[in-house]
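Here is how the chains run, residue by residue.
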Amino acid sequence: MRATSLILVAALIAAGTLLAAGASDGTRWWSYVEYLASDKLEGRNTGSEGHRRAAEYVAAQFARDGLKPAGESGYFQPVKFKTLQLDETKSSLSLESDGKEQAMKFGEDANIGTRVDPAPSVEAGLVFVGYGLRAPESNYDDFAGLDTKGKIAVYISGAPASMPSALAAHYQSSGQRWAALQSVGMIGAVAIANPHHMDVPWPRVASSRFQMTMALAAPKMDETAGEQIAIAWNPAHADELFAGTGHTFDELVAAAESGKQLPRFAISKKLKAKTSVKRGEVESQNIAAIFPGSDPKLKSEYVVMSAHIDHLGVSTPINGDTIYNGAMDNAAGVASMMEVADHLKEASVKTKRSILFVAVTGEEKSLLGSRYYATNPTVPAASMVADINTDMYLPLYPLKILSVYGLDESTLGDDARTIAKQMEIRVQADPEPARNIFIRSDQYNFTRRGVPSVMLEFGNEKGSPEAATEKKWLTERYHAPSDDVNQPVDKQAAAAFNVLIEHLIEHVADADAKPAWKPNSFFRRYAMN
Ligand SMILES: [Zn+2]
């Protein structure tokens, strides 16, 4: 779009005054966050009344902005889920060695997950398989030469440093992981987080097990069908698994941290699990709206802006608070979407391609709403030419560095560089590949449909005060009730971020050529044309 106004905006940002047309001081954006993250919406859990009210709020603003409804029912695309919750009173987990059975305690030793629908009874041997990955492109195979048939894989989360981050992220997705395990005859998995790369401390992982998990109701959408059990083991108790193997967890983590090849070995123990699962059904909704393009030909192509609107709802109290408001995760991203839509209208912006806003449900349940949308899009699948996603972008300090996930995978990364440069913002690729951010939010489902995608976040310099601020936020507020509207947020920085996103979208929507995967990108294989 208009280069002159970009320069003007950049100048205004530099001067710290963001009150001109085309920018704002972030107050309106914050007012959206305040509503979406208010206690009355009760944490916007997928399928909840609070989520439905949030969806209606966003749809109403899209209507005021003159956007075209692009759901299946007005702005809404209904999505059906089945719900699963482990009944721990009727479930058990133990390790057996030399005929002796050692009972494990849920929440302390390990959790049985319900994202994989567990079999009622499982009894099988264990094999430590390193990272539990198989990536033919990197000539990497953690299963080679092992007796894996009928066994349960024990692995450390992560990937070898030598594996490119996008590839590593892809093969760690639950569907790909299960495909690999299944191909060597394994029946389930025990994941142990690497304590150096945990987003949340174990007690919060443990308490998250009380949250209901969900799966898309459509049976064909189950990517882990056939997997009998998936367990998360407390890293502090991992030696319960390794005792007697001649290996310790510390030794394995040290090897992982120093980039050494992890050993793989049989564990002469048997894992026994009995599970009882409470089941139910809920319906939730994606929200979709179109800003129509102005070019007679290109308007049938869509630049997607996406963000998840759901959060964790009401759950285990922390410091007496039970409402997980999800202000930064991800009311902020949806508010940015609303802000961009508002501004397109008030500045009478015209773009050649159309812009498709999609607020998705079920992100916190394993990216389910976006998977449903990307599989059942309300515009022709091949007409989606880009997805620009935001999720928990953390405007906690001024926007000097932009992290772009998927930066080197497609020309969208180059577009992000162009726009950031105009605003004197530095761009960096995934600063911490071990956290797997690229597969952990909704852009990944668009990626898998061949749509070039990026996710944008605030970046920082290693060892800087900003890095410490981010780290502190992740430790204290990520997926905790304190991610609410009573936290320090840099609204001005969020406003700058909103300007950047809008200009990136406009730039992509106006370009002669649509975005393309880079010739050497792994994700090119998904491209439809
Ligand atoms: Zn989240």
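We now turn to the structure provided with this report. (Residues numbered from 1 in each chain as written. Predicted model: local features only at pLDDT ≥ 70, side-chain atom pairs only at ≥ 80, totals over all residues. Heavy atoms only, no water.)

1. Here we look at the overall build of the chain
- The secondary structure content of the chain amounts to 14 helices and 22 strands.
- Over its C-alpha atoms the chain spans a radius of gyration of 23 Å, differing by no more than 12% from the 24 Å that the globule rule assigns to 529 residues.
- Taking the principal axes of the C-alpha coordinates as reference, the chain spans close to 75 × 45 × 45 Å.
- Taking all 529 residues of the chain together, 58% fall into the buried category.
- Here the analysis covers contacts within the chain between residues at least 6 apart in sequence; of these, 84% occur between residues at least 24 apart.
- Of the roughly 20,600 Å² that the chain leaves accessible, carbon and sulfur atoms contribute 52%.
- Where the 54 positive side-chain charges of the chain centre and where its 64 negative ones centre are 4 Å apart. (Helix = DSSP H or I, 4+ residues; strand = E, 2+ residues; numbered from the N terminus. Rg over C-alpha atoms; globule rule 2.2 N^0.38 Å. Buried < 20%, exposed > 50% of the residue type's maximum accessible area, 1.4 Å probe, protein only. Contact = heavy atoms within 4.5 Å. Areas by Shrake-Rupley, 256 points an atom, 1.4 Å probe, with all protein chains shown as cover. Lys, Arg positive; Asp, Glu negative; His and termini not counted. Charge placed at Lys NZ, Arg CZ, Asp CG, Glu CD.)

2. Things to note about the sheet that holds strand E6 (residues 121-128)
- On the basis of which strands lie adjacent, the open sheet formed by 8 strands has the order E4-E3-E13-E6-E9-E10-E12-E5 and mixed pairing. Across the chains shown, the open sheet's two edge strands, defined by having one partner strand only, are strand E4 (100-103) and strand E5 (110-112). Strand-to-strand twist across the sheet, computed as the mean angle between neighbouring axes with direction ignored, equals 30°.
- For strand E3 (residues 92-97) and E4, the ladder comprises 4 bridges, and the chain directions are antiparallel. By the bridge assignment for E4, Ser 97 is matched with Lys 100. (Pairing = 2+ DSSP bridges. Axes fitted to C-alpha atoms, helices over the stretch in contact; angles between N-to-C directions.)

3. Describing the coordination of the zinc ion
- At this site the zinc ion is bound by Asp 329 (OD), Glu 364 (OE), Glu 364 (OE) and His 479 (NE2), with donor distances of 2.0 to 2.5 Å.
- Viewed at the metal, the 4 donor atoms of the zinc ion are separated by angles of 56 to 143°, and the geometry they form is irregular.
- All donor residues of the zinc ion come from one chain, and their arrangement in sequence is D-x34-E-x114-H. Residue Asp 329 is found in helix H9 (residues 327-346), and its partner His 479 is found in the loop between helix H13 (465-476) and helix H14 (491-510); the two are separated by 150 residues along the sequence. Both residues of the pair, Asp 329 and His 479, belong to the buried class. (Donors = N, O, S within 2.8 Å, 3.2 Å for Na, K, Ca; no water. Tetrahedral: all angles 85-135°; square planar, octahedral: opposite > 155°, others 65-115°.)

4. Regarding the packing of helix H3 (residues 49-64) against H9
- Close contact between H3 and H9 brings their axes to 9 Å; oriented N to C, the two are set at 15°. With respect to each other, H3 and H9 are oriented roughly parallel. Like other packed secondary-structure pairs, H3 and H9 cross with a definite hand, here left-handed. Along its contact with H3, which presents Tyr 57, Val 58, Gln 61, Phe 62 and Arg 64, the element H9 presents Val 334, Met 337, Met 338, Ala 341, Asp 342 and Lys 345.
- For the contact of H3 with H9, the class distribution of residues is 7 nonpolar, 1 polar and 3 charged. (Parallel < 35°, antiparallel > 145°, perpendicular 65-115°, else oblique. Left-handed = near helix turned anticlockwise from the far one by under 90°. Nonpolar A, V, L, I, M, F, W, Y, C, P; charged D, E, K, R; others polar.)

5. A few points about the pairing of strand E15 (residues 302-308)
- Among the 7 residues that make up E15, 7 are buried, leaving the element largely enclosed by the rest of the structure.
- Taking every second residue as pointing to the same face, both faces of E15 are buried, with Tyr 302, Val 304, Ser 306 and His 308 on one and Val 303, Met 305 and Ala 307 on the other.
- In this structure, E15 lies alongside strand E18 (residues 354-360), joined through 7 bridges in parallel fashion. Note on E18: the bridge partner recorded for His 308 is Val 360.
- Strand direction decides the pairing type here: E15 and strand E19 (residues 384-390), joined by 5 bridges, are parallel. Across the sheet, residue Val 304 finds its bridge partner in E19, namely Asp 387.

6. Observations concerning unusual backbone geometry
- With an omega of 5°, the peptide bond running from Asp 329 to Asn 330 counts as cis.
- Relative to the elements of secondary structure, Asn 330 occurs in helix H9.
- The backbone of Arg 44 sits at a positive phi, close to 45°, despite the residue not being glycine.
- With respect to the helices, strands and loops of the structure, Arg 44 is situated in the loop between helix H2 (27-36) and H3.
- Despite not being glycine, His 479 has its phi angle at roughly 50°, a positive value.

7. Overview of the pattern of salt bridges
- Under the criterion given, the structure shown has 24 salt bridges.
- Lys 80 is paired through a salt bridge with Glu 283; the nearest N and O atoms lie 3.8 Å apart. One end of the pair, Lys 80, is in strand E2 (residues 76-86); the other, Glu 283, is in strand E14 (residues 277-291), and 203 residues separate them in sequence.
- On the basis of relative accessible area, Lys 80 is assigned to the exposed category, the value being 54%.
- Measuring nitrogen to oxygen at the nearest pair gives 2.8 Å for the salt bridge that ties Glu 96 to Lys 272. Of this pair, Glu 96 sits in strand E3 while Lys 272 sits in strand E13 (residues 265-274); the two residues are 176 residues apart in sequence, bridging distant segments of the chain.
- Connected via shared salt-bridge partners are Arg 28, Glu 339, Asp 342 and Glu 346. (Salt bridge = Lys/Arg side-chain N within 4 Å of Asp/Glu carboxyl O.)

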